[in-house]
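# Examination of the molecular architecture
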Amino acid sequence: MEKTFAELGLEEKLVARLNEIGIVTPTSVQESVIPVIARGDDAVFQSETGSGKTFAFLLPLLQRIDAAGGGVKIVIVSPTFELASQLKKAAASVTDLKCALFIGGAPIKRQIEQLKEKPAIVVGTPARLLELVRLKKLKLGGASALVLDEADRLFSKEIADETVAFAECFGRDTQFIACSATISAKTEKEFSAILKNARGEGAENSSSSKIILPKESVLRDRIEHWAFFCERRDKIDFLRRLIFALNEGRKNAEKGGERTCPKILVFTSRADQVENIASKLKYKGVKCAFLHARSKNQERQTALTSFKSGKTPILVTSDLSSRGLDIPDIEFVVQTDLPGDGDFFVHRAGRTARAGKRGVNIVIGDAYELRSLSVIEKKLKIAIQPKELRGGKVEPIV
């Protein structure tokens, strides 16, 4: 029997704020994690994308610090600008406590001015947060909790040094929390090292919980998986034809009604190909936006806003710049290649079928990639349907 938020120990005012934004029943991860964090335990937890991890850690932390004094109380670290921005919005939706966002690429002077307003909640990327600490502008002496969101990305080789250095700024009384859709052995090892550094000899005696929720079978039950064969040199043109076929399918399904294009998220492993793919699609009349690590903050925000609203129905991106994006109503994820890291396949596919909806994950692969895909199929116990484009339509291969 499902529990209510009140039964999980959340105060009435937090429950009321959740109801205002349409959240009434806790998800599985929230049922498991909220009581643990409410006790003040350190925690590392894994749950599928779209399962409600943000509120699982945010709600009990807000309840614990709501009546506390001034200064920074909760610090949430994110690997990407977009996820950090989403986390700040999530916090603002359920609390009136001041929340501030600190990301690279934005004017640091303005961020220093924000700190003078004494925010209770700080969200940001590790390099910028570390910079503010070293400038002695961000003071963490009163912080009660540090959250490492998308922890496996935070401990990747690109940003692990900044993540660890920032975590070392917190003291023994801090509550440490790490979460992700995939918690690797490396992430667990790094997290344990952070605890040991903060707590010293008493680290092994502190209350710490590891929560790995069972798979909810989103990949198997709510996502269809399609695979198309295409030589590498022809992939962009094939992608264009696929997009038109998906649009045509939507038009036919609507039976003459007002046509709306499906929302399509396109992935490439190569960051240097993001803009190239988008420009070639635009040249062929496909309306799309792109997002990569070199995009300026305003460009990123414009692309995301346009995609979320449906004004631009297609967004081309790379794995690193899209990690943790929570964009509603993505019907199709298109992987123009297979990522080298198997976890990225799961994160990519998990951008669709969120909040109980259904979606389609599509892989465009050459012979080598499709052989690798068959290995992933067996590992994840998913059913991949071979497809082809025939007469401008998506058809099964029989």
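My aim in this report is to walk through the structure given alongside it, one point at a time.

Glancing now at the packing of helix α6 (residues 126-134) against helix α8 (residues 160-167). For the pair α6 and α8, the least separation of the axes is 9 Å and the interaxial angle reads 40 degrees. By the angle class used here, α6 and α8 are oblique. Crossing geometry of α6 relative to α8 is assigned as left-handed. Packed against α6, whose contacting residues are Pro126, Ala127, Leu129, Leu130, Val133 and Arg134, the element α8 presents Glu162, Thr163, Ala165 and Phe166 at the interface.

So, on to the packing of helix α4 (residues 81-94) against helix α13 (residues 297-309). At their nearest, the axes of α4 and α13 sit 11 Å apart, and the two run at 65 degrees to each other. You can see that α4 and α13 cross each other, and the crossing is right-handed. Between α4, through Phe81, Glu82, Ser85, Gln86 and Lys89, and α13, the contact on the second element is made entirely by Asn297, Arg300, Gln301, Leu304 and Lys308. Looking at the contact of α4 with α13 residue by residue, the classes come out as two nonpolar, four polar and four charged.

Here we take up helix α3 (residues 53-65). For α3, built from 13 residues, the straight-helix expectation of 18 Å at 1.5 Å per residue is met to within 8% by its first-to-last C-alpha distance of 19 Å. Buried residues of α3: Lys53, Phe55, Ala56, Phe57, Leu58, Leu59, Pro60, Leu61, Leu62 and Ile65, and no others.

The subject of this paragraph is the sheet that holds strand β14 (residues 384-390). Reading across the sheet, the eight strands line up as β10-β11-β9-β12-β13-β8-β14-β15 and stay open at both edges, with mixed pairing between neighbours. What marks the edges here is a single partner per strand, and that holds for β10 (289-291) and β15 (393-396). Neighbour-to-neighbour, the strand axes of this sheet turn through a mean angle of 30 degrees, independent of strand direction. Relative to β15, β14 runs antiparallel, the two being bridged by four bridges. Opposite lysine 387, over in β15, you have proline 396 as the bridge partner.

All right, on to the nonpolar core then. A general feature of soluble globular proteins is that nonpolar side chains tend to end up buried together. Grouped together as the largest cluster of nonpolar side chains are 41 residues, with contacts concentrated most on Phe45, Phe57, Leu58 and Leu59. The leading source of residues in this core is α3, at eight residues. Excluding residues that lie within four positions of it along the chain, leucine 58 makes contacts with Ile76, Ala90, Ala91 and Val94. Within the second largest apolar cluster, 33 residues are counted, among which are Val75, Phe102, Leu146 and Leu154.

Next up on the list: the side chain of glutamine 111. Structurally, glutamine 111 is set in helix α5 (residues 108-115). Among the residues examined, glutamine 111 registers a relative accessible area of 4% and is labelled buried. Of the polar contacts made by the side chain of glutamine 111, one reaches the side chain of arginine 128; its length is 2.8 Å. Residues within four places of glutamine 111 in sequence aside, it is in contact with Leu101, Phe102, Ile103, Ala106, Arg128 and Leu132.

On to the packing of aromatic side chains. Here a ring pair, both rings aromatic, is described through the centre-centre distance and the interplanar angle of the planes. Enumeration over the complete set of coordinates arrives at three aromatic pairs. Ring geometry for phenylalanine 166 against phenylalanine 170: centres 5.3 Å apart, planes inclined by 85 degrees, an arrangement best described as edge-to-face. Residue classification places phenylalanine 166 among the buried residues on the basis of a relative accessible area of 1%. Lying over the aromatic face of phenylalanine 307, lysine 263 brings its terminal NZ or CZ to 5.8 Å of the ring centre. In this arrangement the basic side chain of lysine 387 is found over the ring face of tryptophan 226, its NZ or CZ atom lying 5.0 Å from the centre.

Our next topic: the pattern of salt bridges. As a working rule, side chains carrying opposite charge can pair if their charged atoms are close by. Under the definition given, this model contains 21 salt bridges. Of the charged contacts, one joins aspartate 42 and arginine 199 as a salt bridge, the two residues approaching to 2.5 Å between their closest N and O atoms. Separated by 157 residues along the polypeptide, aspartate 42 in strand β1 (residues 42-46) and arginine 199 in helix α9 (residues 185-199) bring together distant segments of the chain. As far as the burial class goes, aspartate 42 and arginine 199 line up, both buried. The closest approach of N and O atoms between arginine 348 and aspartate 337, which form a salt bridge, is 3.2 Å. Taken together, the residues arginine 348 in helix α15 (residues 342-349) and aspartate 337 in the loop between β12 (332-335) and α15 connect sequence positions 11 residues apart. Residue aspartate 337 is classed as buried on the basis of its relative accessible area, which comes to 8%.

Each value, and the rule that gives it
- Residues numbered from 1 in each chain as written.
- Predicted model: local features only at pLDDT ≥ 70, side-chain atom pairs only at ≥ 80, totals over all residues.
- Heavy atoms only, no water.
- Axes fitted to C-alpha atoms, helices over the stretch in contact; angles between N-to-C directions.
- Helix = DSSP H or I, 4+ residues; strand = E, 2+ residues; numbered from the N terminus.
- Parallel < 35°, antiparallel > 145°, perpendicular 65-115°, else oblique.
- Left-handed = near helix turned anticlockwise from the far one by under 90°.
- Contact = heavy atoms within 4.5 Å.
- Nonpolar A, V, L, I, M, F, W, Y, C, P; charged D, E, K, R; others polar.
- Expected span 1.5 Å × (residues − 1).
- Buried < 20%, exposed > 50% of the residue type's maximum accessible area, 1.4 Å probe, protein only.
- Pairing = 2+ DSSP bridges.
- Core = buried A, V, L, I, M, F, W, Y, C linked by side-chain atoms within 4.5 Å.
- Polar contact = N/O pair within 3.5 Å; in protein donor to acceptor, adjacent residues only side chain to side chain.
- Phe/Tyr/Trp six-rings, centres within 6.5 Å; stacked < 30°, edge-to-face > 60°.
- Lys NZ or Arg CZ within 6 Å of the ring centre and 35° of its normal.
- Salt bridge = Lys/Arg side-chain N within 4 Å of Asp/Glu carboxyl O.

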